[in-house]
Amino acid sequence: MKGFLLCAIFCACTYGGYRFSAPYHQRPILLQQIVDEVSMVEGRLLQYKEPLSDALIAVGNLGDSEIKTLFKSTGKVMQEDARIIPKQAFLTAFEGFYKKTYLHHEDMEKLIRLFDAFSQGEKVRQACVNRVLHELSTTIEKAKEEQARYTKLYRTMGVLLGSACVVLLV
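Residues numbered from 1 in each chain as written. Predicted model: local features only at pLDDT ≥ 70, side-chain atom pairs only at ≥ 80, totals over all residues. Heavy atoms only, no water.

A. The nonpolar core, seen in detail. Judged by nonpolar contacts, the single largest core of 37 residues is most densely connected at Ile34, Val38, Val41, Phe71 and Phe118. Counting only elements with at least two residues in this core, the list comes to α1 (2–48), α2 (52–60), α3 (66–80), α4 (86–98), α5 (105–117) and α6 (122–169). Apart from residues no more than four positions distant in its own chain, Phe71 is found in contact with Glu37, Val38, Val41, Leu56 and Phe115. (Core = buried A, V, L, I, M, F, W, Y, C linked by side-chain atoms within 4.5 Å. Buried < 20%, exposed > 50% of the residue type's maximum accessible area, 1.4 Å probe, protein only. Helix = DSSP H or I, 4+ residues; strand = E, 2+ residues; numbered from the N terminus. Contact = heavy atoms within 4.5 Å.)

Okay, structure coming up:
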């Protein structure tokens, strides 16, 4: 019985380390998804000349990632109210999403600027989208550095804490 308890404590501490490292693991993945989806939306806007709401929904229908779901929701909000600007539609769709995601506040600000750019003319939109995509690429690099550092840190601390608890209780 004591062995089972010690094993459970060790597993709980190790699992805690993995849970603490999750934000650092997920953020670069989400940022890369944003870059990919924005590129797809921009491509649809340029190639098919379709409305932004249709492009967002079309890209959102291509899969089931969190970002695609967010884009699809934004497109639906825009279709429901034709007077709403893309930035406001994004903020409406993003309300419930932000609490469940590992994106930082600065990432949200970049997304807001991106959707604000979608309401501009084609040349201004392209310049702004390219600038934000470049900023996101830089952010992805930094997030990957954080991922390497903090993921290893928290996982190692979880294992060490679990080992220390087992040693203390033996």
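B. Spotlight on the packing of α1 against α3. The interhelical angle for the contact between α1 and α3, taken along N-to-C directions, is 45 degrees, at an axis separation of 9 Å. Between α1 and α3, the crossing angle belongs to the class labelled oblique. α3 is crossed by α1, and the crossing has right-handed handedness. Contacts from Leu30, Gln33, Ile34, Glu37, Val38 and Val41 of α1 reach α3 at Glu66, Ile67, Lys68 and Phe71. (Axes fitted to C-alpha atoms, helices over the stretch in contact; angles between N-to-C directions. Parallel < 35°, antiparallel > 145°, perpendicular 65-115°, else oblique. Left-handed = near helix turned anticlockwise from the far one by under 90°.)

C. Geometry of the pattern of salt bridges. All chains considered together, the criterion is met by 8 salt bridges. Among the ionic pairs, Lys49 bridges to Glu122, the shortest N-O distance being 3.9 Å. Remark: Glu122 occurs in helix α6 and Lys49 occurs in the loop between α1 and α2; sequence separation between them is 73 residues. The exposed category is assigned to Lys49, whose relative accessible area is 58%. Overall, the relative accessible area of 39% leaves Glu122 in the partly exposed class. What emerges from the salt-bridge pattern is a single network uniting Arg27, Glu106, Asp107 and Glu146. (Salt bridge = Lys/Arg side-chain N within 4 Å of Asp/Glu carboxyl O.)

D. Quick look at the confidence of the model for the protein chain. Of the residues in the protein chain, 98% have a pLDDT of 70 or more, and the chain-wide mean is 90. For the protein chain, α4 is the element with the lowest average pLDDT, namely 84, and α2 is the one with the highest, namely 94. (pLDDT = per-residue confidence, 0-100.)

E. Representation of the packing of aromatic side chains. Scanning the entire structure with this criterion turns up 7 aromatic pairs. For the pair Phe71 and Phe115, a centre-to-centre distance of 5.6 Å together with 85 degrees between the ring planes defines the contact as edge-to-face. In this pair, Phe71 sits in helix α3 while Phe115 sits in helix α5, placing the two residues 44 residues apart along the sequence. There is no split in this pair, since Phe71 and Phe115 are both buried. By the ring-pair criterion, three or more aromatic residues cluster together here, those being Phe71, Phe90, Phe94, Phe115 and Phe118. (Phe/Tyr/Trp six-rings, centres within 6.5 Å; stacked < 30°, edge-to-face > 60°.)

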